[in-house]
Amino acid sequence: MTGQDLDSLDAFHKFVLIAVIDLRSREDTPVHSFDVSGVCEDLLDEFERLDEMLPGGVTRQRVISALGDLEDAGHLGKETTESATGKGRPAYALSVDEAGILDALGDDDRFAAAVDHVRERRN
């Protein structure tokens, strides 16, 4: 993924990518929409600047839509996992270079603190 590829994404989609990377650093992959929603909410609570930048906040439906868009664009791969009740549910994993995403978004003042937080968790 190039910086130009990221430029085509809106702030919310970039934010969702950061959340997916954060979950991956915890080895919680592939990720599910409810996990991504939870990480997004935690990041919004921790970094006030993100909250200001994302009007409308985080809803599960908004995250589901963003995950689908990111998959359609080739940034995420989609799998189906089985829930405890035996139902299939979509799960997502990165299809692009994680370090490249973090480098590009770390250069954006809006996301820099969240990217630093994710990088610290990876170590």
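Check the entry above for the structure.
Residues numbered from 1 in each chain as written. Predicted model: local features only at pLDDT ≥ 70, side-chain atom pairs only at ≥ 80, totals over all residues. Heavy atoms only, no water.

**Quick look at the overall build of the chain**
Here is step 1 of the chain: Secondary structure summary: the chain contains 7 helices and 2 strands in total.
Here is step 2 of the chain: Element order for the chain, N to C, with α for helix and β for strand: α-α-α-α-α-β-β-α-α.
Here is step 3 of the chain: Taking 123 residues into account, the globule formula puts the C-alpha radius of gyration at 14 Å, and the chain, at 14 Å, falls close to it.
Here is step 4 of the chain: Within the span of the chain, comprising 123 residues, buried residues form 44% of the whole.
Here is step 5 of the chain: Considering only contacts in the chain between residues 6 or more positions apart, those separated by 24 or more positions represent 56%.
Here is step 6 of the chain: In the structure as shown, the chain presents an accessible area of about 6500 Å², 40% of it carried by carbon and sulfur atoms. (Helix = DSSP H or I, 4+ residues; strand = E, 2+ residues; numbered from the N terminus. Rg over C-alpha atoms; globule rule 2.2 N^0.38 Å. Buried < 20%, exposed > 50% of the residue type's maximum accessible area, 1.4 Å probe, protein only. Contact = heavy atoms within 4.5 Å. Areas by Shrake-Rupley, 256 points an atom, 1.4 Å probe, with all protein chains shown as cover.)

**Digging into the pattern of salt bridges**
Here is step 1 of the chain: This structure, assessed with the given rule, holds 4 salt bridges.
Here is step 2 of the chain: Between Asp 22 and Arg 121 there is a salt bridge, and its shortest N-O distance comes to 2.9 Å. Placement of the pair is Asp 22 in helix 2 (residues 11-25) and Arg 121 in helix 7 (residues 112-122), with a sequence separation of 99 residues.
Here is step 3 of the chain: Note on Asp 22: relative accessible area 2%, which makes it buried.
Here is step 4 of the chain: Here Arg 121 falls in the partly exposed class, since its relative accessible area comes to 36%.
Here is step 5 of the chain: Residue Arg 119 pairs with Asp 103 through a salt bridge whose shortest N-O separation is 2.5 Å. Highlighted residues: Arg 119 in helix 7 and Asp 103 in helix 6 (residues 98-106), separated in sequence by 16 residues.
Here is step 6 of the chain: A relative accessible area of 27% means that Arg 119 is categorised as partly exposed. (Salt bridge = Lys/Arg side-chain N within 4 Å of Asp/Glu carboxyl O.)

**Re a negative patch on the surface**
Here is step 1 of the chain: The grouping of Glu 41, Asp 42, Asp 45, Glu 46, Glu 48, Asp 51 and Glu 52 at the surface amounts to a negative patch.
Here is step 2 of the chain: Of all the elements, helix 3 (residues 33-46) adds the most residues to the negative patch, at 4 residues.
Here is step 3 of the chain: Looking at the element boundaries, Asp 45 is found in helix 3. (Patch = residues over 30% accessible without salt bridge, like charges linked within 9 Å, V, L, I, M, F, W, Y side chains within 5 Å. Lys, Arg positive; Asp, Glu negative; His and termini not counted. Charge placed at Lys NZ, Arg CZ, Asp CG, Glu CD.)

**Some details on the packing of aromatic side chains**
Here is step 1 of the chain: Throughout the structure, instances matching the rule amount to 1 aromatic pair.
Here is step 2 of the chain: Aromatic side chains Phe 12 and Phe 15 sit 6.4 Å apart centroid to centroid with 55° between the ring planes, which places their arrangement in the tilted category. Residue Phe 12 and its partner Phe 15 are located together in helix 2, separated by 3 residues, close to a single helical turn.
Here is step 3 of the chain: Residue classification places Phe 12 among the buried residues on the basis of a relative accessible area of 4%.
Here is step 4 of the chain: For Phe 15, a relative accessible area of 0% translates into the label buried. (Phe/Tyr/Trp six-rings, centres within 6.5 Å; stacked < 30°, edge-to-face > 60°.)

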